[in-house]
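Structural overview for review
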Amino acid sequence: MLNGKTILITGASRGIGRETSLLLARNHAELILNYNSSEAEVLKLADEINQMGVRAVSVKANVSDRNQVQAMFKKIRSEFGRLDVLVNNAGIINDDLLLMTKEHVYDNLMEVNVKGCFNCMQFATKMMIGKERGKIINVSSIIGRYGNSGQAVYSATKAAVIGLTTSSAKELGQLGITVNAVAPGVIDTDMTSQLKPEFKKKLIDGTALKRIGKPVEVAKVILFLASDLSDYVSGQIIGVDGCQVV
Ligand code: NAP
């Protein structure tokens, strides 16, 4: 499905990013696997993908750091010469009640989840301009659409990702670039293992499917958005949440 496509996945080392990398590799995309701290995990993943006969290289960059992102794109330009798809997946969570949230927690969430997404979108667009083709896929959250008690700042960052997606889709469509987002519900990754059990149970009970989602179930929607099957889809926020009523 993705023969000849070069794809950057941010936060590829674990969770949704890891499963997405494996699924896109099985569909023959060549991959740039971004990570920030999980070097051993990403090297193992790159190895696994290379053993499938698919090219994958890992690049360390903190997406919130403009200089590191610039250096990552310089490497992509020199080693691959092209970028067809960006999957902006890297993200962090740090929940607290509005009145309890410390300023540094707010700043860090905004820096990684919003600025990180923005940084990669800007550099990726520069590489896609002139090709009259390109796909940007952002990972938002159901919490960015509907909010949740105890997650005001995380919710705000994921709502910002929706704003970046819908507005950029309108700007970049004339260049042949589509911009979409997935909005996962509760997915079984390290991120949700940090949630308080009673809070997690409440979220799962709130899904029509009555179960937690698997990272590969988000990856499948990302595959659709990365492939030619979605060529006339842009500016959309696609829920992958088991029909969650929060
Ligand atoms: P995860 O298992 O905690 O993995 C997070 C990934 O993001 C890791 O690969 C991590 O890399 C990377 N990352 C974190 N900070 C980074 C930074 N500054 N620069 C580069 N990479 C960074 O999380 P996940 O559950 O797979 O979540 C992936 C995305 O889905 C996030 O944007 C999250 O908000 C969103 N989401 C998740 C859920 C869910 O239920 N799990 C629901 C809705 C939305 P290192 O390990 O190398 O630091």
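Use the structure listed above.
All of the points below concern the structure found in this document. Fair warning: this is a prediction, and the values are worked out from it, not measured in the lab.

Below, the discussion takes up helix 8 (residues 197-205). Taken together, the buried positions of helix 8 are occupied by F199, K200, L203 and I204. For helix 8, the angular spread of buried residues about the axis comes to 135°, placing them on one side. Facing away from the buried side of helix 8 by over 90 degrees, the exposed positions are P197, E198, K201 and K202. Those residues of helix 8 hidden inside the fold are in contact with helix 7 (190-193).

A few words now on the layout of surface pockets. Its boundaries defined by the atoms lining it, the largest pocket holds a volume of some 860 Å³. Taken together, 42 residues line the largest pocket, and the ones lying closest to its centre are N89, A90, G91, I92 and M191. The set of elements that each furnish at least two residues to the lining of the largest pocket consists of helix 1 (15-26), strand 2 (30-35), helix 4 (103-128), helix 5 (142-146), helix 6 (152-172) and helix 7. When the residues that make up the lining of the largest pocket are grouped by side-chain class, the tally is 18 nonpolar, 21 polar and three charged.

Turning our attention to the site of the ligand. Around the ligand lies a shell of 31 residues, among which S13, S38, N89, Y154 and T189 are the nearest. Here N62 contributes a side-chain N or O atom positioned 2.8 Å from a nitrogen atom of the ligand. Within the side chain of K158, a nitrogen or oxygen atom sits 2.9 Å from an oxygen atom of the ligand. Compared with its free state, where it exposes 890 Å², the ligand has 96% of that area covered by protein. Broken down by secondary-structure element, the contributors of at least two residues to the shell around the ligand are helix 1, strand 2, helix 6 and helix 7. At three residues, helix 7 tops the list of elements feeding residues into the shell around the ligand. Taken together, the residues of the shell around the ligand sort by class into 13 nonpolar, 15 polar and three charged.

Moving on: the pairing of strand 5 (residues 134-139). The element strand 5 is extensively covered by neighbouring structure, given that six of its six residues are classed as buried. Across the two faces of strand 5 the burial is the same, with G134, I136 and N138 and K135, I137 and V139 all buried. For strand 4 (residues 85-88) and strand 5, the ladder comprises four bridges, and the chain directions are parallel. Of the residues in strand 5, the one forming a bridge with N88 is N138. In this structure, strand 5 lies alongside strand 6 (residues 177-184), joined through six bridges in parallel fashion. If you follow I136 over to strand 6, its bridge partner there is V179.

Across residues other than glycine, the phi torsion is negative in most instances, and most of the peptide bonds are trans. Positive phi, normally seen in glycine, also occurs at H28, with a value near 70°. Take H28: its relative accessible area is 44%, and that puts it in the partly exposed class. Non-glycine residue K210 carries a positive phi angle of around 55°. Looking at the secondary structure, you find K210 in the loop between helix 8 and helix 9 (215-226).

Cut-offs used in this document
Residues numbered from 1 in each chain as written. Predicted model: local features only at pLDDT ≥ 70, side-chain atom pairs only at ≥ 80, totals over all residues. Heavy atoms only, no water. Buried < 20%, exposed > 50% of the residue type's maximum accessible area, 1.4 Å probe, protein only. Helix = DSSP H or I, 4+ residues; strand = E, 2+ residues; numbered from the N terminus. Arc of directions from axis to C-beta. Contact = heavy atoms within 4.5 Å. 1 Å grid on protein atoms, 1.4 Å probe; cavity = no way out; pocket = protein on both sides within 12 Å on 5 of 7 lines; lining within 4 Å. Points joined across faces, edges and corners; volume = space filled by probe spheres on them. Nonpolar A, V, L, I, M, F, W, Y, C, P; charged D, E, K, R; others polar. Near = heavy atom within 4 Å. Polar contact = N/O pair within 3.5 Å; in protein donor to acceptor, adjacent residues only side chain to side chain. Areas by Shrake-Rupley, 256 points an atom, 1.4 Å probe, with all protein chains shown as cover. Pairing = 2+ DSSP bridges.

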